[in-house]
Amino acid sequence: MGSCLPKLVLPMEWSIYTTPVERSQDQFDNLEKHTQWGIDILEKYIKFVKERTEIEISYAKQLRNLSKKYQPKKNSKEEEEYKYTSCKAFISTLNEMNDYAGQHEVISENMTSHITVELTRYVQELKQERKSHFHDGRKAQQHIETCWKQLESSKRRFERDCKEADRAQQYFEKMDADINVTKADVEKARQQAQLRHQMAEDSKADYSSTLQKFNHEQHEHYYTHIPSIFQKIQEMEEKRIVRIGESMKTYAEVDRQVIPIIGKCLDGIAKAAESIDQKNDSQLVIEAYKSGFEPPGDIEFEDYTQPMKRTISETSLSNSKGDSKTELKFASKSKGKLWPFIKKNKGAGPEDFSHLPPEQRRKKLQQKVDELNKEIQKETDQRDAITKMKDVYIKNPQMGDPGSLDHKLIEVGQNIEKLRLEVQKFEAWLTEVEGRLPVRGDQARRQSGMYEAQTTPSVNNCAQDRESPDGSYTEEQSQENELKMMATDFDDEFDDEEPLPTIGTCKALYTFEGQNEGTISIAEGEILYVIEEDKGDGWTRIRRNEDEEGYVPTSYVEVYLDKNAKGAMTYI
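Since the structure is predicted, the reported quantities are computational estimates derived from the model, not experimental observations.

1. Some thoughts on the pairing of strand β2 (residues 527-532)
For step 1, the next point in the chain: Burial within β2 is extensive, with six of its six residues counted as buried.
For step 2, the next point in the chain: Pairing between strand β1 (residues 504-508) and β2: four bridges, direction antiparallel. Residue pairing in the sheet places Lys507 in a bridge with Ile527 of β2.
For step 3, the next point in the chain: In this structure, β2 lies alongside strand β3 (residues 539-545), joined through three bridges in antiparallel fashion. Within β3, the residue paired with Tyr529 across the bridge is Arg543.

2. Notes on the environment of Ile229
For step 1, the next point in the chain: Assignment of secondary structure puts Ile229 in helix α4 (residues 183-274).
For step 2, the next point in the chain: Look at Ile229 and you get buried, because its relative accessible area is 8%.
For step 3, the next point in the chain: Put simply, Ile229 and Ser132 are 97 residues apart on the chain and 9.9 Å apart in space, counted from C-alpha to C-alpha.
For step 4, the next point in the chain: Leave out the neighbours within four places in its chain, and Ile229 touches Phe28, His133, Asp136, Gly137 and Ala140.

3. A short note on the nonpolar core
For step 1, the next point in the chain: Of all hydrophobic cores here, the largest spans 28 residues; its most connected members are Leu42, Tyr45, Met111 and Ile115.
For step 2, the next point in the chain: For this core, the secondary structure elements donating two or more residues are α1 (18-69), α3 (85-177) and α4.
For step 3, the next point in the chain: In terms of residue count, α3 provides more of this core than any other element does, eleven residues in total.
For step 4, the next point in the chain: Not counting chain neighbours up to four residues away, the residues in contact with Ile115 comprise Tyr45, Val49, Asn110, Thr120, Ser247, Thr250 and Tyr251.

4. Comments concerning the packing of α3 against α4
For step 1, the next point in the chain: The geometry of α3 relative to α4 is characterised by a closest axis approach of 7 Å and an angle of 175° between their N-to-C directions. Relative to α4, the element α3 lies roughly antiparallel.
For step 2, the next point in the chain: A per-class count over the contact of α3 with α4 returns 44 nonpolar, 22 polar and 24 charged.

5. Description of the pairing of β1
For step 1, the next point in the chain: Burial of β1 is extensive: four of the five residues sit out of reach of the surface.
For step 2, the next point in the chain: Sheet topology places β1 next to strand β5 (residues 557-561); five bridges connect them, and they run antiparallel. Directly across from Lys507, in β5, lies its bridge partner Glu558.

About the thresholds
- Residues numbered from 1 in each chain as written.
- Predicted model: local features only at pLDDT ≥ 70, side-chain atom pairs only at ≥ 80, totals over all residues.
- Heavy atoms only, no water.
- Buried < 20%, exposed > 50% of the residue type's maximum accessible area, 1.4 Å probe, protein only.
- Helix = DSSP H or I, 4+ residues; strand = E, 2+ residues; numbered from the N terminus.
- Pairing = 2+ DSSP bridges.
- Contact = heavy atoms within 4.5 Å.
- Core = buried A, V, L, I, M, F, W, Y, C linked by side-chain atoms within 4.5 Å.
- Axes fitted to C-alpha atoms, helices over the stretch in contact; angles between N-to-C directions.
- Parallel < 35°, antiparallel > 145°, perpendicular 65-115°, else oblique.
- Nonpolar A, V, L, I, M, F, W, Y, C, P; charged D, E, K, R; others polar.

As structure tokens, this is what we get:
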């Protein structure tokens, strides 16, 4: 018997589907690694910017501390030194550096807000988006793998059924060819072969249907789903690249935005440097330290080839005794060189600054008057405020008791009165000093006329019989007491040597209280002997009698040398 069933041939299309699925999985693995690397790069850049902001903050803090460290302390001697233009320029430099530090703080703040914060938030969003895309990719991959397994199962079933049908066909043909087999057995073998053939046909149809479905799913997978996912991943990656580029541009712009302000800070420093005026600084030094003394005159030539003859007129000596209204009790046994620059009294100077040279004394008195006037103004403002508050209490008793402010008003009034008396006293001394200084411009002879009416009577009196404005003492008494106290200190300090010869006489132009070691007190109008001329240090050595001699400022006396070769020499 011939075969009634067609020979089934196993299709070979399925063999091409093994590698594409694996190849697709490999691409997802590669993309997953690459996108994770991109996120790592972004986080590394965020860390870089964050460390830069910390450096900027630290640098700004150090600049501010540096500027603060070199700022002059208030109410200190250092603050007074900053009146010079060079010191003012240094202060301006410190202030500009403080502003310069502020710009670095701005850099840190802008980089933090525009880069660090924004990129940190973007990284979180990027991680979520990446997770979503790869989740869709894995889902699509699992779907195609499921379809592939179904196809494999259908194919294996079809293959098995074809083999079974082929074996049944061969068995039928064998039975049909065997003459010893009964017709019933042959029929049974034919029916079995037909059954197996039908099963193979059914498996073939199922396999064909599954294959068509798989091919469709595979086409959708590789031409629709996977490209779409890859496109989204590509867009995500490109967005990341663009974002990091924009952040780098912002990084540069943040620095560029502060450059004009930093330039202004540097311009301010340069302008401060250009404002330095060496002539003005020199003039300030001159004004601060000028004493009011005139330079000493030329030293006379002393001819030792002829005996020196110096005499003093009896008239001058008698006038010296008659005109002097102050009996000075200052005794000194020194006949050698005395140094008036060694300060005997280490405590504070006298209240009227009489230990200072005239010009320095005038400045100190003027400064004291200005300070007292400021104190008076403060107390006056306080009194006005209390008075207004009292008026409010009178109009609105529920706000407070007006009588509670009376004690404070009395106290403030007493303080104002005390300060006014102090101003009168110091203005009297100031007027006296300015009257004795050489004629100068109005600018140099500043006067505070706030209480001129009260100070006028004391200005016109002589120094030796002038009372202080508060009437507590006279200069004559103060001078005499100080001289008596100092006399005992000098008694044992000097050797007994041959007295120096007198070389002339001098007349005291001002009263001088010799409070330094080696000086001698003189009264205005007193006539004394000159035993040593000014050697260029601004001091002249004089003698009152055999036991009283010492140094006085040359500008305080008018010197008359014997042998008037050069005429009368006057030091003012």
